[in-house]
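Understanding the architecture of this molecule
Listed below are the residues making up each chain.
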Amino acid sequence: QVHLVESGGGSVQPGGSLRLSCAASGFRVDYYAIYWFRQAPGKEREGVSCISSSDEETTDGSTHYANTVKGRFTISRDNARNTVSLQMNSLKPEDTAVYYCAAFLRCSDTVRPSGIGTWGQGTQVTVSS
């Protein structure tokens, strides 16, 4: 059956960088919109980024970002490895959260999916001095 597994989380100082990876099994990541979400204690889950599918002739793997991470985070897909990554630069303490990847049918301009998706287990990112 289908699974998503996140890795790459850890603790860094403000201004540092981390690269998160989301490895998929049981389905092809290029057939789905892949999202990164994050959730900090006491806060709502936030859509961070998504990359659209590329299995249809009209889809091109376009990317979208939350305003809070634009210019600092980059989402990418490696079809050969069936993984999606999130490169996070210039990290801030407010980026501290558990980060999840998830697969949905469509990538929203507002990084807000609809319907039922497939989710990973999450990886902790902590930014502090």
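Everything below is about the structure printed above this text.
In this report, the structure presented in the accompanying data block is examined. (Residues numbered from 1 in each chain as written. Predicted model: local features only at pLDDT ≥ 70, side-chain atom pairs only at ≥ 80, totals over all residues. Heavy atoms only, no water.)

Our focus in this paragraph is the environment of Val 69. Assignment of secondary structure puts Val 69 in the loop between β6 (63-65) and β7 (73-78). Val 69 sits 15 residues away from Val 84 along the chain, and the two C-alpha atoms are 17 Å apart. (Helix = DSSP H or I, 4+ residues; strand = E, 2+ residues; numbered from the N terminus.)

Take the pattern of salt bridges next. Taken as a whole and judged by the stated rule, the model has five salt bridges. When the shortest N-O distance is used, the salt bridge between Arg 72 and Asp 95 registers 2.7 Å. Highlighted residues: Arg 72 in the loop between β6 and β7 and Asp 95 in the loop between β8 (83-88) and β9 (97-104), separated in sequence by 23 residues. Under the relative-accessibility criterion, Arg 72 is labelled buried at 11%. One salt bridge connects Asp 78 with Arg 81, and the closest N-O pair in it is separated by 4.0 Å. Assessed through its relative accessible area of 28%, Asp 78 is described here as partly exposed. (Salt bridge = Lys/Arg side-chain N within 4 Å of Asp/Glu carboxyl O. Buried < 20%, exposed > 50% of the residue type's maximum accessible area, 1.4 Å probe, protein only.)

Once that is clear, we can look at unusual backbone geometry. If you check the backbone angles, Asn 82 has positive phi at about 55 degrees while not being a glycine. When you line up the elements, Asn 82 lands in the loop between β7 and β8. Although it is not a glycine, Val 111 sits at a positive phi angle of roughly 55 degrees. The class for Val 111 is buried, based on a relative accessible area of 5%.

On to the sheet that holds strand β1 (residues 3-7), then. Spatially, four strands are ordered β1-β3-β8-β7 in an open sheet, and the strand pairing comes out antiparallel. Edge positions in the sheet fall to β1 and β7, since each of these pairs with one other strand and no more. Here the average twist between neighbouring strands, direction ignored, is 15 degrees. (Pairing = 2+ DSSP bridges. Axes fitted to C-alpha atoms, helices over the stretch in contact; angles between N-to-C directions.)

What follows covers the state of the cysteines. One pass over the structure, following the stated rule, counts two disulfides. Between the sulfur atoms of Cys 22 and its disulfide partner Cys 101 the distance amounts to 2.1 Å. Between Cys 22 and Cys 101, the S-S torsion sits near 70 degrees, and that sign places the bridge as right-handed. Here Cys 22, found in strand β3 (residues 18-25), pairs with Cys 101, found in strand β9; they are 79 residues apart in sequence, far enough to count as distant. Residue class for Cys 22 comes out buried when judged on its relative accessible area of 1%. Here Cys 50 connects covalently by a disulfide to Cys 107, the sulfurs 1.9 Å from one another. What sets the handedness of the Cys 50 and Cys 107 disulfide is the S-S torsion sign, and at about 85 degrees it is right-handed. Of this pair, Cys 50 sits in strand β5 (residues 46-51) while Cys 107 sits in the loop between β9 and β10 (118-119), placing them 57 residues apart in sequence. As far as the burial class goes, Cys 50 and Cys 107 line up, both buried. Once the disulfide-bonded cysteines of the protein are ranked by sequence position, their pairing pattern turns out to be 1-3, 2-4. (Disulfide = S-S within 2.5 Å.)

Turning our eyes to something else, we now look at the pairing of strand β4 (residues 33-39). Of all the seven residues making up β4, six are buried; the element is thus mostly covered by neighbouring parts of the structure. Where β4 and β9 come together, seven bridges link them in antiparallel fashion. Each bridged residue has a counterpart across the sheet, and for Phe 37 the counterpart in β9 is Tyr 100. Bridge count for β4 against β5 is five bridges, and the pairing is antiparallel. Opposite Trp 36, over in β5, you have Ser 49 as the bridge partner. In this structure, the hairpin formed by β4 and β5 is closed by a connection of six residues, where Gly 42 is found at a positive phi of approximately 75 degrees.

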